[in-house]
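# Descriptive structure summary
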Amino acid sequence: MSPSLNPSALARLLGEWNLGVGPAYRELADIVRLLVLDGRVALDTALPSERTLSESLGVSRTTVTAAYGHLREQGFLSSGQGSRGRTRIPRLTPPGTTVFTDPGLTTTGRTPGTTSPGLAAPEGLIDLAYASLPASGEVVHRAFAAALTELPALLPGFGYDAMGLLPLREAVAARYAAAGVPTTAEQILVTSGAQHALNIIIRAVAGRQDRVLVEHPSYPNALDAIRAAGCRAIPVAFTAAHDADTDRADGGPPALAWDMHALQATMTQQRPTMAYVVPDFHNPTGQLMPDVQRRQLVRAAAAAGTVLVVDETLRELNLDGAETSPVAAFSPAVVTIGSLSKSHWGGLRTGWIRASETMIQRFAAARTSLDLGGPVMEQLAAAHLVRALDEPLPARLSALRDNRAALLELLAGHLPDWETGRPAGGLSVWCRLPAPVSTALTVIAPDFGIRLAAGPRFGIGGAFERYLRVPFTLPPEQLETAVLALRSAQDRLDAAPQLRRILKNAPALAIA
C-alpha cells in the first residue's frame, strides 16, 4: 500500500498558505510543490481528494481542482483514478522531454548506490562529503598497544567468532547497563562498523519488496543498503517544530522535528517490516528526539509488528548536554546499532548490534553469509576504548562546539540567504538553500576547492534539492576557506542561472 495524506495532515503542513499575493490556486500549488521538493511530503503519496481538501481548507473545490491541475502540468502530480493523484518530481531527459521520476530510481533509471563511488577526495580539495573526525590520537594508539600485548594469548585459537570477542561484548553490555538498559554479553553482536550491522539486520528481518520505514531525510548509506536488499523504503518527512524548546531566539525558521502523527499513521497504514531511525542527533539534521516521542515510536512499532532499528552511532556527540534515555530503555524489542566510528575514528571499523538474545542469534546466523567474524586485533583495541569511552570525549566535544559556532557564524555572514538550524549534537548542519541548486553546487564545487554531498543523496526520488549538509568536523580556519568557496560557487550559479538547469547529475561519491 502506497502512502496517503489526509486533509488535516496536509492542512497542517501547508500552514498560512493563502497570503493573497496571487491567485489562490497558484499559491496552494506552489506550497504543495515546495513540500514535495523539500521532502516534507514523500514521493508517491496520494493527496487528499479535491472535495475533502477544499472542505478542510475552507476554499472552493474549484480552487483545489485548479491547484491540482497546475501541479500535474508541472509534473509534480500524477494522474490517478478519480481525483487522488500521487506526488512526483519531474525530470528532463537529454532531448528535453519531461517524464516522471519513478521513486527509488535515479535519472539514469539505475538504483542509486549501485554505481561505484569515488572514495577519497582528490588532493587539494576540502572534503565536506564526509562528516567524520580524525582519530582521537593517543587514546587509539594506546588501545592498540595494549591489544598487541593481549594478542598472543588468542593465537592458538582459530580466530573466527561470529558473535565477537567476549571482552568487547562485555564492555559494550556494561555501557548499556550504565545507561539504564540492562544488557548481557549474549545480547551483543560485534560488527565491522554500523553499516555492516545494518546490512546484517536487513538480511535477517526484511525480504525483497518488504517495506522499511525511514526518516526523510535520512543517512544515504542506510538508504542505499535498503535499496540494495530489494526492500522498499517508505519515507516519513520531518516537520517544522513550533514549541518553546525549539523556537529560534533570533527569530529564524523553526527547527525540524519528527512528525509523530505521520510516523504513527505510516506504521498503522503501511505495517512496515522494519523501521530505521536515528533519534540521537539525526543525520543530517542533528536533531534529538525527546523521550516522550521515543515512547510513542516504540508503541507504534509494537502495534504494527515492526522491527524498530535505532542507530545510535552519534549518541556520544551530545554537544549541548541534553539528557535522553536510549530507545531500548522503553522496550526489549528494540534493535540498537552502535559504533566507534564517529566518537573515535572511522578507521577502527568496529560496531555492534544490541538486541534480545533470540534476535542476536538470528543476526549471527545471517552474518555467516557475509563474513565469519571481525578482525581480532581491532576488537581487542575496541574493548579498551569502550571501557574508557568517556576519556577522549570532553576535549572532542569542546572542539566540536567551537567548530559548530564558527560554521554557523560563517554561514550567517557569507551566505545570509541560507537557513541554518543549530544542531543539538552530531557533526553537521543541515542548510536550506534559497533555490533548488544543491546538485548544481555539488557539480561545480571542485572548481572552488571543495567536495560536497548533494541534498538529494539524503532523500528518495530527487527530494532535498534545496538542502545541503555541511559538516563542522574541520577546524575553524578550514571551515572559513570552505564557506568562502561555497559563497563563490553560489555567486557563479547566481550569475549564470542556466547552470541550474544543465547541471542535474551530481558525481557519484562516498559519503560518511
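Residues numbered from 1 in each chain as written. Predicted model: local features only at pLDDT ≥ 70, side-chain atom pairs only at ≥ 80, totals over all residues. Heavy atoms only, no water.

What the protein chain contains, in helices and strands, is 16 helices and 15 strands. In the protein chain, which comprises 512 residues, the proportion classed as buried is 53%. Taking the intrachain contacts of the protein chain between residues at least 6 apart in sequence as the baseline, contacts between residues at least 24 apart amount to 73%. Approximately 21,300 Å² of the protein chain is accessible, and the part contributed by carbon and sulfur atoms is 54%. (Helix = DSSP H or I, 4+ residues; strand = E, 2+ residues; numbered from the N terminus. Buried < 20%, exposed > 50% of the residue type's maximum accessible area, 1.4 Å probe, protein only. Contact = heavy atoms within 4.5 Å. Areas by Shrake-Rupley, 256 points an atom, 1.4 Å probe, with all protein chains shown as cover.)

Now for the pattern of salt bridges. By the definition in use, this model includes 22 salt bridges. Note that Arg-175 and Asp-390 form a salt bridge whose closest N and O atoms lie 2.8 Å from each other. Taken as a pair, Arg-175 in helix α6 (residues 166-178) and Asp-390 in the loop between α12 (376-387) and α13 (393-414) lie far apart in primary sequence, 215 residues in all. For Arg-175, a relative accessible area of 27% gives the class partly exposed. On the basis of relative accessible area, Asp-390 is assigned to the partly exposed category, the value being 45%. For Arg-294, the salt bridge identified is with Asp-280, shortest N-O distance 2.9 Å. Residue Arg-294 is located in helix α10 (residues 291-304), and its partner Asp-280 is located in the loop between β8 (274-277) and α10; the two are separated by 14 residues in the primary sequence. Within this structure, Asp-280, Asp-291, Arg-294 and Arg-315 form a network of salt bridges that share partners. (Salt bridge = Lys/Arg side-chain N within 4 Å of Asp/Glu carboxyl O.)

One pass over the full model with this rule turns up 5 aromatic pairs. Between Phe-238 and Trp-258 the ring centres are 5.0 Å apart and the planes differ by 45 degrees, which places this aromatic pair in the tilted class. In this pair, Phe-238 is assigned in strand β6 (residues 232-240) and Trp-258 in strand β7 (residues 256-258), connecting sequence segments 20 residues apart. Assessed through its relative accessible area of 5%, Trp-258 is described here as buried. Aromatic pair Trp-430 and Phe-464: ring centres 5.8 Å apart, planes at 70 degrees, arrangement edge-to-face. Taken together, the positions of Trp-430 in strand β13 (residues 428-432) and Phe-464 in the loop between β14 (450-451) and β15 (467-471) put the pair 34 residues apart, joining distant regions of the chain. Of the two residues examined, Trp-430 and Phe-464, each falls in the buried class. What links up through ring pairs into an aromatic cluster is the set Trp-430, Phe-458, Phe-464 and Tyr-467. Taking the ring centre of Tyr-176 as reference, the NZ or CZ of Arg-354 above it sits at 6.0 Å. (Phe/Tyr/Trp six-rings, centres within 6.5 Å; stacked < 30°, edge-to-face > 60°. Lys NZ or Arg CZ within 6 Å of the ring centre and 35° of its normal.)

Attention now goes to the sheet that holds strand β12 (residues 419-420). Spatial strand order, β12-β13-β15: 3 strands in an open sheet with antiparallel pairing. Only two strands of the sheet have a single neighbouring strand rather than two, namely β12 and β15. Relative to β13, β12 runs antiparallel, the two sharing 2 bridges. Paired with Glu-419 across the two strands is Arg-432, which belongs to β13. Running over the sheet, α13 touches β12, β13 and β15 and is turned about 20 degrees from β13. (Pairing = 2+ DSSP bridges. Axes fitted to C-alpha atoms, helices over the stretch in contact; angles between N-to-C directions.)

So, on to the side chain of Arg-469. You can see Arg-469 is positioned in strand β15. Although Arg-469 is buried, it makes no salt bridge; Asp-127 carries the closest opposite charge, 7.7 Å away. In terms of polar contacts, Arg-469 uses its side chain to reach the side chain of Asn-283, at 3.1 Å. (Lys, Arg positive; Asp, Glu negative; His and termini not counted. Polar contact = N/O pair within 3.5 Å; in protein donor to acceptor, adjacent residues only side chain to side chain.)

Looking now at the sheet that holds strand β11 (residues 351-354). Across the sheet, which stays open at both edges, the 8 strands sit in the order β4-β11-β10-β9-β8-β5-β6-β7 with mixed pairing between neighbours. A single partner strand is all that each edge strand has here, and the edge strands are β4 (188-191) and β7. Put simply, the sheet's adjacent strands are angled 25 degrees from each other on average, direction ignored. Where strand β9 (residues 307-311) meets strand β10 (residues 335-339), 3 bridges bridge the pair, whose relative direction is parallel. What sits directly across from Asp-311, in β10, is Ile-337.

Averaged over the protein chain, the pLDDT score is 87; the fraction of residues at 70 or greater is 87%. Contacts of residues 92-118 to residues separated by more than four positions or lying in other chains number 49 contacts, the stretch itself having pLDDT below 50. Low pLDDT, under 50, characterises residues 244-250; the stretch is placed with 7 contacts to residues that sit more than four places away or in other chains. (pLDDT = per-residue confidence, 0-100.)

Let us now look at the nonpolar core. Residues Met-267, Leu-297, Leu-308 and Leu-340 are the most contacted members of the largest nonpolar core, which totals 52 residues. Element by element, the count of residues in this core is highest for α12, at 7 residues. With residues up to four places along the chain from it excluded, the contact list for Leu-308 reads Ala-275, Val-277, Leu-297, Val-298, Ala-301, Val-327, Val-334 and Val-335. (Core = buried A, V, L, I, M, F, W, Y, C linked by side-chain atoms within 4.5 Å.)

The interhelical angle for the contact between α13 and helix α15 (residues 476-495), taken along N-to-C directions, is 25 degrees, at an axis separation of 10 Å. By the angle class used here, α13 and α15 are roughly parallel. Helix-helix and strand crossings are classified by hand; for α13 and α15 the assignment is right-handed. Contact residues: α13 offers Asn-403, Ala-406, Leu-407, Leu-410, Leu-411 and His-414, while α15 offers Pro-476, Leu-479, Glu-480, Val-483, Leu-484 and Arg-487. Considered class by class, the residues forming the contact of α13 with α15 number 8 nonpolar, 2 polar and 2 charged. (Parallel < 35°, antiparallel > 145°, perpendicular 65-115°, else oblique. Left-handed = near helix turned anticlockwise from the far one by under 90°. Nonpolar A, V, L, I, M, F, W, Y, C, P; charged D, E, K, R; others polar.)

A rise of 1.5 Å per residue sets the reference length of α13, with its 22 residues, at 32 Å; its end C-alpha atoms lie 31 Å apart and thus fit the reference within 8%. Among the residues making up α13, those that are buried are Leu-393, Arg-396, Leu-397, Leu-400, Asn-403, Arg-404, Ala-406, Leu-407, Leu-408, Leu-410 and Leu-411. Structurally, α13 contributes buried residues whose contacts are with β12, β13, β15 and α15. (Expected span 1.5 Å × (residues − 1).)

Next up on the list: the pairing of β13. Taking burial as the measure, the 5 residues of β13 include 5 buried ones, the bulk of the element. The two faces of β13 match: Ser-428, Trp-430 and Arg-432 on one face and Val-429 and Cys-431 on the other face are all buried.

Time to look at the packing of α6 against α12. Orientation of α6 relative to α12, taken along the N-to-C sense of each, is 20 degrees, at an axis distance of 8 Å. Classified by the angle their axes make, α6 and α12 are roughly parallel. When the axes of α6 and α12 are compared, the crossing they make is left-handed. Facing Pro-167, Leu-168, Ala-171 and Val-172 of α6, the residues of α12 in contact are Gln-379, Ala-382, Ala-383, Val-386 and Arg-387. Per-class residue counts for the contact of α6 with α12 are 7 nonpolar, 1 polar and 1 charged.

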